[in-house]
Amino acid sequence: MSRGRGATVEPAAGRAGHLPGRPEHPPRSKVSARRGRLCAVGELRGARATLAKRRAEVAEMFDGVAARYDLVNDVLTGGLDRSWRHAVVAAVAPRSGERILDLAAGTGTSSKPFAEAGALVVPADLSLGMLQVGKQRQPELAFVNADALALPFADGAFDAVTISFGLRNVEDTAAALAELRRVTRPGGRVVICEFSTPSWAPLRFAYHQVALRALPLVARLTASNPVAYDYLAESIRAWHTQPRLADALAAAGWRDVEWKNLSGGIVALHRGRA
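Residues numbered from 1 in each chain as written. Predicted model: local features only at pLDDT ≥ 70, side-chain atom pairs only at ≥ 80, totals over all residues. Heavy atoms only, no water.

A closer look at the overall build of the protein chain
Part 1 of the argument: Within the protein chain, the secondary structure is distributed over nine helices and eight strands.
Part 2 of the argument: Here the protein chain, with 274 residues, has 52% of them falling under the buried criterion.
Part 3 of the argument: Of the contacts formed within the protein chain by residues at least 6 apart in sequence, a portion of 70% connects residues at least 24 apart.
Part 4 of the argument: Looking at the protein chain as shown, the accessible area adds up to about 12,000 Å², and 55% of this sits on carbon and sulfur atoms. (Helix = DSSP H or I, 4+ residues; strand = E, 2+ residues; numbered from the N terminus. Buried < 20%, exposed > 50% of the residue type's maximum accessible area, 1.4 Å probe, protein only. Contact = heavy atoms within 4.5 Å. Areas by Shrake-Rupley, 256 points an atom, 1.4 Å probe, with all protein chains shown as cover.)

Notes on the pairing of strand β3 (residues 120-125)
Part 1 of the argument: Counting buried residues in β3 gives five out of six residues, a clear majority hidden from the surface.
Part 2 of the argument: Strand direction decides the pairing type here: strand β2 (residues 99-103) and β3, joined by five bridges, are parallel. What sits directly across from L101, in β3, is V122.
Part 3 of the argument: Read as a crossover between parallel neighbours, the route from β3 over helix α5 (residues 128-137) to strand β4 (residues 144-145) is right-handed. (Pairing = 2+ DSSP bridges. Right-handed = clockwise from strand over helix to strand, strands pointing away.)

What about the nonpolar core?
What tends to happen in soluble globular proteins is that the nonpolar side chains get buried as a cluster.
Part 1 of the argument: If you look at the biggest cluster of nonpolar residues, it comprises 33 residues, and the most contacted ones within it are L101, F153 and W254.
Part 2 of the argument: Those residues in contact with F153 that sit more than four places away from it in its chain are L101, V122, V144, F158, R182 and V183.
Part 3 of the argument: Within the second largest apolar cluster, 26 residues are counted, among which are A119, F165, L212 and I266. (Core = buried A, V, L, I, M, F, W, Y, C linked by side-chain atoms within 4.5 Å.)

Some points on the pairing of strand β7 (residues 255-262)
Part 1 of the argument: Bridge count between β7 and strand β8 (residues 267-273): six bridges; the pairing is antiparallel. Of the residues in β8, the one forming a bridge with E258 is R271.

Some points on the pattern of salt bridges
Part 1 of the argument: Counted by the stated rule, this structure contains 10 salt bridges.
Part 2 of the argument: A salt bridge links R182 to E179; the shortest N-O distance between them is 2.7 Å. Of this pair, R182 and E179 both sit in helix α6 (residues 173-182), three residues apart, which is roughly one turn of that helix.
Part 3 of the argument: By relative accessible area, which is 9% here, R182 ends up buried.
Part 4 of the argument: E179 gets classed as buried once you look at its relative accessible area, which sits at 0%.
Part 5 of the argument: Salt-bridge contacts for E258 lead to R271; the nearest nitrogen and oxygen are separated by 2.9 Å. With E258 in strand β7 and R271 in strand β8, the pair connects residues that are 13 residues apart, well separated along the chain.
Part 6 of the argument: Taking relative accessible area as the criterion, E258 reaches 16% and is therefore assigned buried.
Part 7 of the argument: Each of the salt bridges in this network shares a partner with another, and the network as a whole consists of R95, E98 and R189. (Salt bridge = Lys/Arg side-chain N within 4 Å of Asp/Glu carboxyl O.)

Considering α6
Part 1 of the argument: Extensive coverage of α6 is indicated by the burial of nine of its 10 residues.
Part 2 of the argument: Turning to α6, its buried residues number three or more, namely T173, A174, A175, A176, L177, A178, E179, L180 and R182.
Part 3 of the argument: Buried residues in α6 make contact with β2, β5 (158-164), β6 (184-195) and α9 (242-251).

Remarks on unusual backbone geometry
Part 1 of the argument: One non-glycine residue, F165, lies in positive phi territory at about 55°.
Part 2 of the argument: Examined against the element boundaries, F165 turns out to sit in the loop between β5 and α6.
Part 3 of the argument: With a phi close to 50°, S263 is a non-glycine residue in the positive phi region.
Part 4 of the argument: Relative to the helices and strands, S263 resides in the loop between β7 and β8.
Part 5 of the argument: For S263, a relative accessible area of 30% gives the class partly exposed.

Some thoughts on helix α3 (residues 80-92)
Part 1 of the argument: The end-to-end C-alpha separation of α3 is 19 Å, in line with the 18 Å expected for 13 residues at 1.5 Å each.
Part 2 of the argument: Looking only at α3, the buried set comprises D81, W84, A87, V88, V89, A91 and V92.
Part 3 of the argument: One or two steps after α3, the chain reaches A93, where phi turns positive at roughly 50°. (Expected span 1.5 Å × (residues − 1).)

Structural notes on the environment of E57
Part 1 of the argument: Looking at where E57 falls in the secondary structure, it is placed in helix α1 (residues 55-65).
Part 2 of the argument: Counting along the chain gives 70 residues from E57 to S127, while the straight-line C-alpha distance between them is 10.0 Å.

Focus: the packing of aromatic side chains
Part 1 of the argument: On inspection of all chains with the given rule, the structure shows four aromatic pairs.
Part 2 of the argument: Note on W84 and F195: the rings are 6.0 Å apart at their centroids and 85° apart in plane angle, and the pair reads as edge-to-face. Here W84, found in helix α3, pairs with F195, found in strand β6; they are 111 residues apart in sequence, far enough to count as distant. Of the two residues, W84 and F195, both sit in the buried class.
Part 3 of the argument: When the centroid spacing of 4.8 Å and the interplanar angle of 45° are considered together, the rings of F165 and F195 count as tilted. On the criterion of sequence distance, the pair formed by F165 in the loop between β5 and α6 and F195 in strand β6 is long-range, its members being 30 residues apart. For the pair F165 and F195, a shared accessibility class is recorded, and that class is buried. (Phe/Tyr/Trp six-rings, centres within 6.5 Å; stacked < 30°, edge-to-face > 60°.)

Okay, here's the thing in structure tokens:
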């Protein structure tokens with residue numbers, strides 16, 4: 001793990017978890033397998049979010065790719081996504097009876113190992129389409145529709161919080177990190193897995209100039225909404241480097257921040273304590 005440097009990102013105004021001007025949101029609810037009001041998968045097949053990352057656009061985009069999301073991820077990463085998920089579980093180190101928030105959980109693939117370890121896991125996501133598919137596949141998990149900028153949980157509700165490949169899709173990174181801090185008990189931990197910047201120059205060139213350019217082309221052969229993967233490639237290019245994300249975590253009130261590169265820095269695992 002590499003230690004984070006001094007914070008350079010401005011923290012959200014107010015103390016963590018009490019963000020001034022928080023938008024009003026309707027109450028969030030657990031998703032039932034029979035709930036007919038959920039968006040039908042594929043209804044918004046042409047949706048594509050912008051780099052402004054407005055919540056409605058992001059939710060619609062993921063609604064449109066939900067049915068084949070896990071399969072396409074496996075194809076596009078050559079199966080590396082499985083090793084990344086294992087690394088997240090190892091970093092969280094779930095213990096029986098612990099309360100764990102898995103934010104941006106999608107269909108719950110990332111949440112299942114926590115439940116198998118005996119933890120009380122809450123898979124949460126903004127996309128109702130993703131939650132619907134997840135509930136069909138894993139009905140035993142208590143999926144919750146939640147906005148990363150206004151989490152429907154009490155202060156200090158969780159022993160650990162984690163988010164994989166979802167933080168870069170949130171409108172306000174600093175506010176989301178502060179919300180995660182708010183719902184984590186003192187001494188609790190955060191683990192963030194996200195695409196990042198390869199540390200070796202030749203790999204960095206190949207990743208940005210070849211792999212990310214090819215991603216939308218490959219997605220057109222496998223994905224239900226290939227246009228969405230244009231946005232995903234763009235969002236990866238625009239995302240923070242490892243030190244900058246570490247700075248953002250420190251600015252949001254997390255301590256002992258460090259990171260570990262996975263797959264040469266294509267992905268980075270950041271963690272810290274509340």
